Amino acid sequence: MEVKARAPGKIILSGEHAVVHGSTAVAASINLYTYVTLRFPTPADNDDTLKLQLKDLHLEFSWPIGKIKAALSQLDLPNSSTPTSCSIEAMKSIAALVEEQNIPEAKIFLASGVSAFLWLYTSIQGFKPATVIVTSELPLGSGLGSSAALSVALAAVLLAFSDLVNIDFNHQGWLMYADEELELLNKWAFEGEKIIHGRPSGIDNTVSTYGNMIQFRSGNLIRMKSNLPLKMLITNTKVGRNTKALVAGVSERALRHPDAMNFVFNAVDSISKELSAIIQSPIGDDLSVTQKEEKIEELMEMNQGLLQSMGVSHSSIETVLRTTLKYKLASKLTGAGGGGCVLTLLPNLLSGKVVDIVMNELESCGFQCFTAGIGGNGVEIYVGGSS
Ligand SMILES: Nc1ncnc2c1ncn2[C@@H]1O[C@H](COP(=O)(O)OP(=O)(O)O)[C@@H](O)[C@H]1O
Ligand SMILES: C[C@@](O)(CCOP(=O)(O)O)CC(=O)O
Ligand SMILES: [Mg+2]
């Protein structure tokens with residue numbers, strides 16, 4: 001028996017970083033997914049290991065269950081119904097288990113993802129042998145929420161084989177969890193995200209869990225109903241960066257300049273609230289689609305300016321901003337910044353020809369451009385047959 005889950009990546013339309021400090025942010029799921037398959041061996045397989053295969057990275061990690069038990073069983077492991085943070089002692093034991101896998105230096109950024117896997121696996125499934133296979137359509141460490149998509153998809157497959165959720169194993173095709181199940185799943189995913197981000201706001205795992213478009217503030221989610229078809233160009237600068245370090249950098253700046261940074265975070269809060277009001281305003285009210293788009297463009301520019309003042313822009317991001325501005329298009333970084341991805345609003349009346357020209361120019365700088373569907377379903381699982 002095997003179960004597969006898919007969890008979407010996301011774009012943050014406004015409010016990244018500030019959301020860690022209590023401001024409102026707006027995010028939407030995108031139709032690029034991380035897939036996780038969980039399979040338990042049969043007694044005939046005579047396999048007593050836990051395996052993690054990162055298929056697109058051509059890596060496989062494997063631990064004898066006895067070794068995991070020896071490392072973790074004397075610690076206070078949580079109950080699968082009670083999402084719990086990884087303690088410092090448990091983190092030390094997990095770090096040792098990860099270290100012995102000798103991850104190649106060039107891929108050492110994966111260590112936090114593998115640690116999150118071990119914490120979620122042992123917390124929810126205990127010490128059972130299994131094979132877990134991960135593939136992803138998301139670029140890792142680029143601002144599109146691959147860390148959250150991994151944590152959400154892991155939580156989804158691990159909970160599927162627990163008595164905490166009710167799954168129809170005869171169903172063919174993708175299935176959604178019930179709302180109260182999603183709440184538990186999201187809490188576990190947040191614990192995984194904590195291991196990868198250090199101090200996450202929870203917006204990424206929440207939008208990956210619930211999908212669509214959400215407004216998020218201090219751990220609380222408001223599901224939005226978008227009345228405006230939004231098209232975004234996503235440009236991946238391909239400059240690598242790490243969310244944990246960028247989030248910590250903003251917190252340090254906030255400690256050095258608490259008053260000034262409070263104003264910055266408050267300004268972002270206002271921008272996100274205004275943005276979500278525009279997106280949700282009824283069709284046919286006193287503003288045309290074009291007028292709404294113009295307002296959104298201005299808010300994106302303002303948010304980008306504030307992100308710059310938080311210290312999370314990058315010369316590659318500035319190059320994207322300058323390039324798109326030549327065509328009167330507004331852009332902002334999305335996710336943690338420091339490189340990674342940039343969003344450019346593509347107004348509904350913009351000609352395809354202009355989009356092609358902008359994309360060509362950005363790609364000639366070595367960037368990668370693509371569009372993605374915005375606002376689809378959140379996490380789903382697949383229980384029967386092949387998908
Ligand atoms: N498919 C995956 N396999 C293994 N680790 C992953 C995967 N997706 C994400 N991760 C972990 O998440 C990290 C990237 O997360 P982060 O820096 O938050 O950027 P983002 O969430 O924007 O992609 C990776 O370095 C890795 O540790
Ligand atoms: C910077 C932040 O707001 C979003 C980070 O997103 P990503 O990991 O870069 O996809 C951090 C957070 O909210 O946890
Ligand atoms: Mg992340």
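Just so it is clear, the model here is predicted, and its values are computed rather than measured.

Digging into unusual backbone geometry
Here is step 1: The backbone of histidine 17 shows a phi angle near 65 degrees, a positive value even though the residue is not glycine.
Here is step 2: Topologically, histidine 17 is positioned in the loop between strand E1 (2–14) and strand E2 (25–39).
Here is step 3: By relative accessible area, histidine 17 is classed as buried at 5%.
Here is step 4: Non-glycine residue asparagine 212 carries a positive phi angle of around 55 degrees.
Here is step 5: By secondary structure assignment, the location of asparagine 212 is in the loop between helix H6 (203–210) and strand E7 (213–217).

Section: the site of ligand 1
Here is step 1: Near ligand 1 lie 20 residues; those nearest to it are Phe109, Gly141, Gly143, Ser146 and His197.
Here is step 2: Here an oxygen atom of ligand 1 sits 3.0 Å away from a polar atom, N or O, in the main chain of glycine 113.
Here is step 3: Computed on the free molecule, ligand 1 has an accessible area of 560 Å², of which 95% lies beneath the protein chains in the complex.
Here is step 4: Counting only elements with at least two residues in the shell around ligand 1, the list comes to helix H3 (111–125), strand E5 (130–136), helix H4 (146–160) and helix H5 (179–197).
Here is step 5: Top element by residues in the shell around ligand 1 is H4. It accounts for three residues.
Here is step 6: Residues belonging to the shell around ligand 1 are distributed by class as follows: eight nonpolar, 11 polar and one charged.

Focus: the pattern of salt bridges
Here is step 1: A complete count under the given rule lists 13 salt bridges for this structure.
Here is step 2: Here glutamate 380 ties to arginine 6 by a salt bridge, and the two come within 2.8 Å at their closest N and O atoms. Remark: arginine 6 occurs in strand E1 and glutamate 380 occurs in strand E13 (residues 380–382); sequence separation between them is 374 residues. By the burial criterion, glutamate 380 is buried, and arginine 6 matches it.
Here is step 3: Residues joined in a network through salt bridges with shared partners are Arg217, Asp269 and Lys273.

Description of the UniProt feature "domain: GHMP kinase C-terminal" (unreviewed entry) in the chain
Here is step 1: What UniProt calls "domain: GHMP kinase C-terminal" (unreviewed entry) maps, in this numbering, to residues 294–348.
Here is step 2: What you have in residues 294–348 is 51% helix and 15% strand, and the ends, taken at the C-alpha atoms, are 11 Å apart.

Let's talk about the site of ligand 2
Here is step 1: Residues in contact with ligand 2 amount to 19 residues; listed here are only the nearest, Lys10, Ser201, Arg241, Thr243 and Ala336.
Here is step 2: Measuring from an oxygen atom of ligand 2, one finds a side-chain N or O atom of arginine 241 at 2.6 Å.
Here is step 3: Contact with the protein chains covers 98% of the free accessible surface of ligand 2, which is 380 Å².
Here is step 4: Elements with a contribution of two residues or more to the shell around ligand 2: E1, H6 and helix H7 (243–256).
Here is step 5: Of the residues contributing to the shell around ligand 2, the split by class is eight nonpolar, seven polar and four charged.
Here is step 6: Taken together, domain 1 (2–225 + 376–384) and domain 2 (231–373) each give at least three residues to the shell around ligand 2, which thus spans both.

Quick look at the UniProt feature "domain: GHMP kinase N-terminal" (unreviewed entry) in the chain
Here is step 1: Feature annotation in UniProt assigns "domain: GHMP kinase N-terminal" (unreviewed entry) to the following positions: residues 126–211.
Here is step 2: As annotated, residues 126–211 has a helix share of 49% and a strand share of 10%, and its two end C-alpha atoms lie 29 Å apart.

Things to note about the coordination of the magnesium ion (ligand 3)
Here is step 1: At the metal site, the magnesium ion (ligand 3) is ligated by Ser147 (OG) and His197 (NE2), and these contacts range over 2.1 to 2.2 Å. In this pair, serine 147 sits in helix H4 while histidine 197 sits in helix H5, placing the two residues 50 residues apart along the sequence.

Details of H6
Here is step 1: Among the eight residues that make up H6, eight are buried, leaving the element largely enclosed by the rest of the structure.
Here is step 2: Taken residue by residue, H6 has Ile203, Asp204, Asn205, Thr206, Val207, Ser208, Thr209 and Tyr210 as its buried positions.
Here is step 3: Contacts made by the buried residues of H6 are with E1, E2, H4, H5, E7 and strand E8 (220–224).

Re the sheet that holds strand E12 (residues 368–371)
Here is step 1: Taken in spatial order, the four strands make up an open sheet running E10-E11-E9-E12, and their pairing is antiparallel. Each of the sheet's edge strands pairs with one partner strand only, and the pair in question is strand E10 (331–333) and E12. Across the sheet, the axes of successive neighbouring strands diverge by a mean angle of 25 degrees, strand direction being ignored.
Here is step 2: Pairing of E10 with strand E11 (residues 341–345) involves three bridges; the strand directions are antiparallel. Among the inter-strand pairings, lysine 332 is bridged to a residue of E11, identified as leucine 343.
Here is step 3: Packed on one face of the sheet, helix H10 (residues 315–325) meets strand E9 (232–236), E10 and E11 and runs near 170 degrees to E10.

Let's talk about the packing of helix H2 (residues 88–99) against H3
Here is step 1: Viewed as axis vectors pointing N to C, H2 and H3 meet at an angle of 120 degrees, and their least axial separation amounts to 10 Å. In terms of orientation, H2 and H3 fall into the oblique class. For the crossing formed where H2 meets H3, the hand is right-handed. Seen from H2, the contacting residues are Ala90, Met91, Ile94, Leu97 and Val98; seen from H3, they are Ala111, Val114, Ser115, Leu118 and Trp119.
Here is step 2: Classifying every residue of the contact of H2 with H3 gives nine nonpolar, one polar and no charged.

So, H4
Here is step 1: Between its terminal C-alpha atoms H4 stretches 21 Å, which fits the 21 Å expected from 15 residues at 1.5 Å a residue.
Here is step 2: Judged by how many residues are buried, H4 sits mostly within the fold: 15 of 15 residues are covered.

A few points about the domain arrangement of the chain
Here is step 1: When the domains of the chain are assigned, the result is domain 1 (2–225 + 376–384) and domain 2 (231–373).
Here is step 2: One C-alpha centre belongs to domain 1, the other to domain 2, and the line joining them spans 27 Å.
Here is step 3: Listed per partner, the contact involves 34 residues of domain 1 and 37 residues of domain 2.
Here is step 4: When domain 1 packs against domain 2, close to 2700 Å² is buried across both sides, 60% of that on carbon and sulfur atoms.
Here is step 5: Counting across the domain 1 and domain 2 interface gives two salt bridges.
Here is step 6: We note a salt bridge from aspartate 269 to arginine 217, for which the minimum N-O separation is 3.6 Å.

Cut-off values and rules
Residues numbered from 1 in each chain as written. Chains lettered and ligands numbered in written order. Predicted model: local features only at pLDDT ≥ 70, side-chain atom pairs only at ≥ 80, totals over all residues. Heavy atoms only, no water. Helix = DSSP H or I, 4+ residues; strand = E, 2+ residues; numbered from the N terminus. Buried < 20%, exposed > 50% of the residue type's maximum accessible area, 1.4 Å probe, protein only. Near = heavy atom within 4 Å. Polar contact = N/O pair within 3.5 Å; in protein donor to acceptor, adjacent residues only side chain to side chain. Areas by Shrake-Rupley, 256 points an atom, 1.4 Å probe, with all protein chains shown as cover. Nonpolar A, V, L, I, M, F, W, Y, C, P; charged D, E, K, R; others polar. Salt bridge = Lys/Arg side-chain N within 4 Å of Asp/Glu carboxyl O. UniProt positions renumbered as here; feature names shortened; annotations may be inferred. Domains from an automatic or database assignment. Donors = N, O, S within 2.8 Å, 3.2 Å for Na, K, Ca; no water. Contact = heavy atoms within 4.5 Å. Pairing = 2+ DSSP bridges. Axes fitted to C-alpha atoms, helices over the stretch in contact; angles between N-to-C directions. Parallel < 35°, antiparallel > 145°, perpendicular 65-115°, else oblique. Left-handed = near helix turned anticlockwise from the far one by under 90°. Expected span 1.5 Å × (residues − 1). Buried area = accessible area lost by both parts, 1.4 Å probe.

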